[in-house]
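Results of the structural survey
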Amino acid sequence: MRKHNLGYPRIGMDRELKKAIEQYWEEKIREEQLFKSAKELRKQHWILQSELDGIPCNDFSFYDHVLDMSFLLGAIPDRYSPLISLISPIDLYFSMARGYQKNGFDVTAMEMTKWFDTNYHYIVPEFLPNQTFNLHGTKIFEEFNEAKEILGKVPKPVLIGPVSFLLLGKEKLEGFHRIDLLDRLIPVYIEIFKRLKEQGADWFQLDEPFLVMDLSEKEKHAFLKAYEHLTQEDSGIKILLTTYFEGLYENRSLAFKLPVSALHIDLVRCPNQLDGILYSFPKDRLLSLGVIDGRNIWKNKYSVSIEHIKKAANVLGKERLMIAPSCSLIHVPFDLNLETDIHPEIKDRMAFARQKIHEITDLCCIFEGNTLLLKENSKSHKRSVDSTIIHDSGVKKRMASTKEQDFHRNSTFESRRPIQRECLQLPLFPTTTIGSFPQTSEIRKFRANFKKGKLSLQDYEKEIETSIKDVIQKQEQIDLDVLVHGEFERNDMVEYFGEQLKGFLSTKNAWIQSYGSRCVKPPVIYGDVSRTKDMTVRWSSFAQKQTKKPIKGMLTGPITILQWSFVRNDQLRSETARQIAWSIRDELLALEDAGIGIIQIDEPALREGLPLKKNNWNKYLEWAIHVFKIASSGVTDSTQIHTHMCYSEFNEILEYIAKMDADVITIETSRSHMELLEAFSRFKYPNEIGPGVYDVHSTRIPSVEEISSLLDQATRLLPAKNIWVNPDCGLKTRKWPETIQSLKNMVLAAKKARREFINIT
Ligand code: GLN
Ligand code: ZN
């Protein structure tokens, strides 16, 4: 059996890559130094995998592996052309990721979006109808030689397959489909293969994650054509085609028809695809079993993996098997050994990238008869079954005793609305913000100092109080109607709750790449979740004491907390979400008790939680909405529940958004020019809506006129009495002067709309 890996984390044990790249951007180090650090990291990473047979190269990236492909294939948008002769290749590469504003140039960055259902973001390739491709980058050839030299064996170059590469991109003009560019793309792939073969390569890993998605006939046909061409020229190359994040299902026979040497399948996400695969697996091919979870931090259950391996070996023979993680390990942190504060019982159940590599070897040893490794592993798993750290009988009892009426508000929206109106006394087109206000470097500093123990609790709380007083004053001066406390105590909207809820742990160093040099450190949900103390009440009620205007309490919703954490794998995600929901509900009720009459439950990750395959959407949406309703019900009719989502693409799921029954929903619409509102209008969405009237991701200050025109559009589509006025999202990353000016313009536009509306009616 061959042991191999699909990709290793690039950022380094201590986020060295992030630090080097950012120093380079700040011109504190030179290109040579950046390259030297990167080379050193790659070396370390290869050595850590040296026990494997198939070790990936070209999985390293200075920013993102999809951008690397665009660069390699010469898919460099025209606006960067003037830069090509002017700046170095690495600067050109970074300017594609981040834009270029220097030497009289102002070139915008390429778009970024999420990599399938992960929290990794990639740079979207841009295509034109007359798009050409040519071998442009050299990184893959250099890294191949580098790896070969360090490892003393032939590494396996990793590339995104041609069909997925095209599908990941976007047409920049209408009138063509990007898949039609395939004929022009394939020759470049063949050229790359040829050159690498000359350098000594034998196996090539081509990632085609789109094979697990719903494919059109045209796309299926493209797969057939691409792989026929790729293998036609030179029969000497061996392609390992990888699929992950879902099962192959109806694309199985298509995958079998592709003339490759090996196929990788994800048995963590979709273990039950194995039987079907084995039943008709092509005779000339190797099968790579992705048995180790590349998306989560838990130790492998060897007994289960061995079962799969044995089953496959029985049918195919062990010579035709490869053992691997389910997907690239870039989605898991580097090394569990760095975590010194995790409870030993929990730590004993975890594995990060470094440990997962050993797990591959372990599985092969167990298959060959090492029973000791299997026994030890089973012991860890058995211990967790009755661990009182993981299992909380109180939580389980509560989950079992929930009743239907717990999941609904006491009355319908029509009955709640007049009661809320009476209590809140808000004008038409009420103005508000999404929650966070600028997090200045001082705020970040005193939060960090408090965490490090350099600032006492008392001093820290005083600092937060000062910031809250200040932000309330500013909001009153701007004349907003519904105020917020600013979220200065929160580093991150999920981490903040994770740190306070039982069943969660925070790590010291478990960073994963989110985009470019940005890393995140998701909390770990290891056990039954409950709320043991107030989490937000102190700050919301402090804020409410500073003003006569209503303060909106701020909670993160259960789906978003789930989505942005490492989730336990010993029970259904929906069950874990349900436990989180009850904890959030407890906080909601505590806020209500403390006199907070408006509470927002943020669910920006609701949409990204959607399964990759459409026929699984309903099932997910059913439980996700159910869970949101647990979190948001239980309050009296007079308490107004808001929710917030940042994406503008939920036309298809409006029915479920409506079922959430939030009194007010605030959404991102400014960049899509209120297009989404047409969908809300067609759907006759009954509750109140705050369409974001300006883009918070830009430093631009929107004028009163442009906000007014967006409001005009909104009033044409929706009943005026339903419309709120607010920015697109939180203002955390903005600077104060632009924030104040933008919000002032927003309030002026709302006031203008009120006057005009009253004149008409
Ligand atoms: N309340 C959060 C904030 O304002 C919402 C963030 C988000 O939607 N991602 O920062
Ligand atoms: Zn948002």
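Keep in mind the model is a prediction, meaning the values are calculated, not measured. (Residues numbered from 1 in each chain as written. Chains lettered and ligands numbered in written order. Predicted model: local features only at pLDDT ≥ 70, side-chain atom pairs only at ≥ 80, totals over all residues. Heavy atoms only, no water.)

1. Description of the side chain of T547
Locating T547 in the fold gives a position in the loop between α21 (537-545) and β17 (552-556). Ignoring sequence-local partners within four residues, the contact set of T547 consists of I472, E476 and L483. (Helix = DSSP H or I, 4+ residues; strand = E, 2+ residues; numbered from the N terminus. Contact = heavy atoms within 4.5 Å.)

2. Some remarks on the environment of E198
Positionally, E198 belongs in helix α8 (residues 182-198). In this structure E198 comes out as exposed when scored by relative accessible area, which is 69%. Once the C-alpha coordinates of E198 and I701 are considered, the two residues, 503 residues apart in sequence, prove to be 55 Å apart. (Buried < 20%, exposed > 50% of the residue type's maximum accessible area, 1.4 Å probe, protein only.)

3. Some points on the sheet that holds strand β8 (residues 203-207)
The strand order β1-β12-β11-β10-β9-β8-β6-β2 describes an open sheet built from 8 strands, whose pairing is parallel. Each end of this open sheet is capped by a strand with a single partner; those strands are β1 (2-3) and β2 (56-57). Bridge count for strand β10 (residues 262-266) against strand β11 (residues 286-292) is 5 bridges, and the pairing is parallel. Within the sheet, the bridge partner assigned to A262 lies in β11 and is L286. Of the strands in this sheet, β6 (156-160), β8 and β9 (238-242) touch α8, which is tilted by about 170 degrees from β6. (Pairing = 2+ DSSP bridges. Axes fitted to C-alpha atoms, helices over the stretch in contact; angles between N-to-C directions.)

4. Notes on the pattern of salt bridges
Applying the stated rule across the entire model yields 51 salt bridges. When the shortest N-O distance is used, the salt bridge between K508 and D341 registers 4.0 Å. With a gap of 167 residues between them, K508 in the loop between β13 (501-505) and β14 (512-515) and D341 in the loop between β12 (321-325) and α13 (344-347) connect regions that are remote in the sequence. For K508, a relative accessible area of 44% translates into the label partly exposed. By relative accessible area, which is 61% here, D341 ends up exposed. E587 serves as the salt-bridge partner of R531, at 2.7 Å between the closest nitrogen and oxygen. (Salt bridge = Lys/Arg side-chain N within 4 Å of Asp/Glu carboxyl O.)

5. Some details on the coordination of the zinc ion (ligand 2)
The coordination sphere of the zinc ion (ligand 2), as far as protein atoms go, consists of H644 (NE2), C646 (SG) and C729 (SG), spread over 2.1 to 2.2 Å. Because the angles between the 4 donor atoms bound to the zinc ion (ligand 2) fall within 90 to 122 degrees, the donor set is best described as tetrahedral. Each donor residue of the zinc ion (ligand 2) lies on the same chain, and together they follow the pattern H-x1-C-x82-C. The same class applies to H644 as to C646, namely buried. (Donors = N, O, S within 2.8 Å, 3.2 Å for Na, K, Ca; no water. Tetrahedral: all angles 85-135°; square planar, octahedral: opposite > 155°, others 65-115°.)

6. Brief notes about the UniProt feature "binding site: L-homocysteine" (unreviewed entry) in the chain
Feature annotation in UniProt places "binding site: L-homocysteine" (unreviewed entry) on I434, G435, S436, E487 and D602, given in this structure's numbering. A maximum C-alpha distance of 12.8 Å is found for the annotated residues, which run over 169 residues; spatially they form one tight group. For I434, the location among the structural elements is in the loop between α17 (413-424) and α18 (441-451). Looking at I434, the relative accessible area reads 3%, which means it is buried. With respect to the helices and strands, the residue S436 is situated in the loop between α17 and α18. Looking at S436, the relative accessible area reads 5%, which means it is buried. Aside from chain neighbours lying at most four places away, what touches S436 is G486, E487, G730, L731 and K732. (UniProt positions renumbered as here; feature names shortened; annotations may be inferred.)

7. Quick notes on the UniProt feature "binding site: 5-methyltetrahydropteroyltri-L-glutamate" (unreviewed entry) in the chain
In this structure's numbering, the residues bearing the UniProt feature "binding site: 5-methyltetrahydropteroyltri-L-glutamate" (unreviewed entry) are R15, E16, L17, K18, K114, N119, R518, C519, W564 and E608. Annotated residues spanning 594 residues; largest pairwise C-alpha distance 29.3 Å, indicating distribution over more than one region. By the element assignment, C519 lies in strand β15 (residues 518-520). Residues contacting C519, with those up to four places away along its chain left out, are I11, R15, W511, I512, Q513 and S514. Examined against the element boundaries, E608 turns out to sit in the loop between β19 (598-602) and α24 (617-632). Overall, the relative accessible area of 13% leaves E608 in the buried class. Not counting residues up to four positions away in its chain, the partners in contact with E608 are K114, D117, N119, Q563, W564 and Y647. Here the side chain of E608 touches K114 through a polar contact of 2.6 Å, side chain to side chain. (Polar contact = N/O pair within 3.5 Å; in protein donor to acceptor, adjacent residues only side chain to side chain.)

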